[in-house]
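So you can see what is in the structure, the chains are spelled out below.
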Amino acid sequence: MPKTKYLTTSGLPREGQGDISLQPLAYRVPDAARVLGVGKTSLYELFKTGELTPIRIAGRTLVPADQIRRLITTAPAALNNN
């Protein structure tokens, strides 16, 4: 029987639980900024320019993980625009 993996509310494994097989489908704004290595202001600028399109679910603004992956793989220069 496989070992059960426990996640925190952010979707990250608890300390000492090892790797996880599930990846988040979307990130909250602070988490998306952390994943991209930018501040929240820069993330909102990416929303404004259309580089990322946020979604709203249950009153929360979320950034789909596939959009973050696309931005990182196809448009790295977008993060360097000042």
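Look up: the structure comes first, before these words.
Thresholds applied
Residues numbered from 1 in each chain as written. Predicted model: local features only at pLDDT ≥ 70, side-chain atom pairs only at ≥ 80, totals over all residues. Heavy atoms only, no water. Helix = DSSP H or I, 4+ residues; strand = E, 2+ residues; numbered from the N terminus. Core = buried A, V, L, I, M, F, W, Y, C linked by side-chain atoms within 4.5 Å. Buried < 20%, exposed > 50% of the residue type's maximum accessible area, 1.4 Å probe, protein only. Contact = heavy atoms within 4.5 Å. Axes fitted to C-alpha atoms, helices over the stretch in contact; angles between N-to-C directions. Parallel < 35°, antiparallel > 145°, perpendicular 65-115°, else oblique. Nonpolar A, V, L, I, M, F, W, Y, C, P; charged D, E, K, R; others polar. Salt bridge = Lys/Arg side-chain N within 4 Å of Asp/Glu carboxyl O. Pairing = 2+ DSSP bridges. Arc of directions from axis to C-beta.

Here P30 shows up in helix α1 (residues 29–36). Residues P30 and L62, 32 residues apart in the sequence, show an inter-C-alpha distance of 9.6 Å.

The next thing to look at is the nonpolar core. By size, the foremost hydrophobic cluster in this structure holds 13 residues, and its most contacted members are L36, L43, L52 and V63. Take this core: its biggest share by element is 4 residues, from α1. Sequence-distant contacts of V63, that is, excluding residues within four places in its chain, are made with A26, Y27, A32, L43, F47, L52 and I68.

Closest axis-to-axis distance for the α1/helix α2 (residues 40–49) pair is 9 Å, and the angle between their directions is 95°. Considering the angle they form, α1 stands roughly perpendicular to α2. Across from V29, P30, A32, A33 and L36 in α1, the residues of α2 making contact are K40, L43, Y44, L46 and F47. Its residues assigned to classes, the contact of α1 with α2 shows 9 nonpolar, no polar and 1 charged.

This part is about the pattern of salt bridges. According to the stated counting rule, one finds 2 salt bridges in the structure shown. A salt bridge links D31 to R34, with the shortest nitrogen-to-oxygen separation between them at 3.7 Å. Here D31 pairs with R34, and both are found in helix α1, just 3 residues apart, close to one helical turn. One salt-bridge network, in which partners are shared between bridges, spans R28, D31 and R34.

Here we come to the pairing of strand β3 (residues 60–64). In this sheet, β3 lies alongside strand β1 (residues 26–28) in antiparallel orientation, the contact comprising 3 bridges. Paired with R28 across the bridge in β3 is L62. Of the strand pairs in this sheet, strand β2 (residues 55–57) and β3 are connected by 3 bridges, and their pairing is antiparallel. In the sheet register, I57 faces β3, and the bridge partner there is R60.

Right, let's talk about the sheet that holds β3 for a bit. The sheet built from 3 strands is open, its strands ordered β1-β3-β2 with antiparallel pairing. Edge strands, defined here as strands with exactly one partner in the open sheet, are β1 and β2. The average angle at which neighbouring strand axes cross in this sheet is 45°, direction not considered.

So, about α2. Turning to α2, its buried residues number three or more, namely L43, L46 and F47. Down the axis of α2, the buried side of the element spans an arc of 105°, and every buried residue falls inside it. Within α2, the exposed residues directed more than 90 degrees away from the buried face are T41, K48 and T49. Immediately downstream of α2, the backbone of G50 shows phi near 85°, a positive value.

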